[in-house]
Amino acid sequence: MNDMTGNFAAENAAAANFHLIQDVDVKLTVEIGSTTLTLRELLALSESSVIELDRQADELLDVFVNGTLIGRGEVVTVGDKFGVRMTELVAPEKRG
């Protein structure tokens, strides 16, 4: 078998494997920032409370899949809903 035939077979096997898992649910989380509150501060929150986060308004959002950081993006509006435009992806070897 030459290299071209081997590559084609490997690509077919990868496509078949992907087909097996393509309907598996994953949890996508977008984090705009975080903060630490005491229990007293948490209990004092009301409907009009403002919580200061650890990021600037113009910073990118972190995008996680199943708790693993996969990239960063920015908020966009799609009709009357919010979305995230991915602007950078984290290389697999740099994921924590």
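Preceding this section is the structure that the text describes.
Numbering of residues starts from 1 in every chain and runs along the sequence as written. Where totals are concerned, whole chains, interfaces and linings use all residues; where local detail is concerned, this predicted model gives features only for residues with pLDDT of at least 70, and gives and counts side-chain atom pairs only at 80 or more. Side-chain descriptors were evaluated using all non-hydrogen atoms of the structure, hydrogens and water having been removed beforehand.

(A) Summary view of the overall build of the protein. Strands here mean DSSP runs of E at least two residues long; helices mean DSSP runs of H or I at least four residues long; both are numbered from the N terminus. The helix and strand tally for the protein stands at two helices and four strands. Written out in order from the N terminus, the α and β elements of the protein read α-β-α-β-β-β. Put simply, the radius of gyration uses C-alpha atoms, and a globule should come to 2.2 Å times the residue count raised to 0.38. For a compact globule of 96 residues, the expected C-alpha radius of gyration is about 12 Å, and the protein comes in at 20 Å, more than 25% above that figure. Each of the three principal axes of the protein carries a C-alpha extent, and together these read 70 × 30 × 25 Å. Throughout this description, buried means an accessible area under 20% of the type-specific maximum (1.4 Å probe, protein chains only), exposed means over 50%, and partly exposed covers the range between. The buried share of the protein, taken over its 96 residues, is 11%. The contacts of the protein with a sequence gap of at least 6 include a subset with a gap of at least 24, amounting to 30%. Should any heavy atoms of two residues lie within 4.5 Å, those residues are counted as being in contact.

(B) Up close: the sheet that holds strand β2 (residues 61–65). At least two DSSP bridges between two strands are required for those strands to pair. Spatially, the four strands line up as an open sheet ordered β1-β2-β3-β4, and their pairing is antiparallel. Single-partner strands in this sheet number two, and they are β1 (28–31) and β4 (81–89). Sheet twist, expressed as the mean angle between neighbouring strand axes with direction ignored, is 40°. Where β2 meets strand β3 (residues 68–78), five bridges bridge the pair, whose relative direction is antiparallel. Pairing of D62 across the sheet is with R72, part of β3. The convention used is that axes are lines fitted to C-alpha atoms, helices contributing only their stretch in contact, and that angles between N-to-C directions extend from 0 to 180 degrees.

(C) View of unusual backbone geometry. At N66, a position not held by glycine, the phi torsion is positive, near 50°. As for its placement among the helices and strands, N66 is situated in the loop between β2 and β3. On the basis of relative accessibility, which here comes to 52%, the residue N66 falls in the exposed class.

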